[in-house]
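So the chains spell out like this:
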Amino acid sequence: MELQLKFRMNEQLYLRNPQESDLGRRIISASVRMIGEMGFEAFTFKKLATEIETTEASVYRYFENKHRLLVYLVTWYWSWLEYRVMVSGMNTDNVELKIKRIIRLLIEEIDESPGMDGIDQRALYHIVVWEGSKAYLTRHVTEDNQARLFKPYKDLTSRIAIVLKEFNPKYKYSRSLASTLIEMAHYQTFFMQNLPALTDFASKKDTKEVSKFLEHMVFACLNK
């Protein structure tokens, strides 16, 4: 049975809900593919409109600009990842195992092809690794935060922090460690693939070693 989930997205991310029309869904699907292929800087609404055979004006009816679209995609990913983290801990009371599963979810490439909301989750994972920090590393981050655009990221961080706190209730920095873990998982993956002098991982697909490193970091902190 195919899993059917719908995440409720912040209405301030879009001008018109893309999931409520065929054109909107094509905008999302094509954007994931195109940003994954050419990068966020080279991606434009004009190129997107040409790709899906519509007008640039039609794309702007859904999103104010391409940064809003990027935030939409990245926050969808955080919501999806939070759901996967929640499910990963359902069948075990072993907190150490829960943490290791979370780390694997952060590191390993998603196997699913296009499915939920028509989004290619594998391609979106690569966008988050390459482009994810651009969602909030802006001069207008305060305004975006006040608009609650980053709530899915905060929810994911909180869920991971709860598991870390479960392992060591006396640990004072569970939220800081959780957000560091998320960012480090993606930065180390990016460095491994593009700037290997910044890592100790020889292979561009050495995800198991990255997982071991993150496990070492997390448990070294939690066991103090």
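Going by the structure above, here's the rest.
Residues numbered from 1 in each chain as written. Predicted model: local features only at pLDDT ≥ 70, side-chain atom pairs only at ≥ 80, totals over all residues. Heavy atoms only, no water.

Participant: It is not clear to me how the pattern of salt bridges should be interpreted in this structure. Could you clarify?
Facilitator: Pairs can form between side chains of opposite charge whenever their charged atoms are close. In total, this model carries 10 salt bridges according to the counting rule given. Here Glu96 ties to Lys100 by a salt bridge, and the two come within 3.2 Å at their closest N and O atoms. One end of the pair is Glu96 and the other is Lys100, both in helix H5 (residues 95-107) and 4 residues apart, which spans about a single turn. Notably, a salt bridge pairs Glu131 with Lys134, separated by 2.4 Å at the nearest N-O pair. Overall, Glu131 belongs to the buried group, its relative accessible area being 4%. (Salt bridge = Lys/Arg side-chain N within 4 Å of Asp/Glu carboxyl O. Helix = DSSP H or I, 4+ residues; strand = E, 2+ residues; numbered from the N terminus. Buried < 20%, exposed > 50% of the residue type's maximum accessible area, 1.4 Å probe, protein only.)

Participant: Help me out: how do you make sense of the packing of helix H8 (residues 151-167) against helix H9 (residues 174-194) in this one?
Facilitator: Pairs of packed helices are described in terms of their axes, by the angle between the two and the distance that separates them. Close contact between H8 and H9 brings their axes to 8 Å; oriented N to C, the two are set at 120 degrees. As for the relative orientation of H8 and H9, their crossing is right-handed in sense. Two secondary-structure elements touch here, H8 through Tyr153, Leu156, Thr157, Ser158, Ile160, Ala161, Leu164 and Lys165 and H9 through Ser174, Arg175, Leu177, Ala178, Ser179, Leu181, Ile182 and Glu183. A class-by-class count of the residues in the contact of H8 with H9 yields 9 nonpolar, 4 polar and 3 charged. (Axes fitted to C-alpha atoms, helices over the stretch in contact; angles between N-to-C directions. Left-handed = near helix turned anticlockwise from the far one by under 90°. Contact = heavy atoms within 4.5 Å. Nonpolar A, V, L, I, M, F, W, Y, C, P; charged D, E, K, R; others polar.)

Participant: Even after reading the chapter, I still don't get the environment of Lys66, so can you show me in this structure?
Facilitator: Along the chain, Lys66 falls in helix H4 (residues 66-88). By relative accessible area, which is 25% here, Lys66 ends up partly exposed. Separated by 35 residues in the primary sequence, Lys66 and Ser31 place their C-alpha atoms 9.6 Å from one another. Leaving out residues up to four positions away in the same chain, Lys66 has contacts with Phe40, Glu41, Phe43 and Phe45. Within polar-contact distance, the side chain of Lys66 engages the backbone oxygen of Glu41 at 3.2 Å. (Polar contact = N/O pair within 3.5 Å; in protein donor to acceptor, adjacent residues only side chain to side chain.)

Participant: How should the nonpolar core be read in this particular structure?
Facilitator: Across soluble globular proteins, nonpolar side chains have a tendency to be buried as a group. With 70 residues, the main nonpolar core has Leu48, Phe63, Trp78, Ile99, Ile160 and Val218 as its most contacted residues. Those elements that place two or more of their residues in this core are helix H1 (22-38), helix H2 (45-51), H4, H5, helix H6 (121-131), H8, H9 and helix H10 (207-222). Per-element tally for this core: the top contributor is H4, with 12 residues. Residues within four places of Leu48 in sequence aside, it is in contact with Ile27, Ala30, Ser31, Met34, Phe43 and Val59. (Core = buried A, V, L, I, M, F, W, Y, C linked by side-chain atoms within 4.5 Å.)

Participant: What's the story with the side chain of Arg68 in this structure? I'm lost.
Facilitator: With respect to the helices, strands and loops of the structure, Arg68 is situated in helix H4. Overall, the relative accessible area of 14% leaves Arg68 in the buried class. Those residues in contact with Arg68 that sit more than four places away from it in its chain are Gln12, Leu13, Phe63, Asp144 and Leu149.

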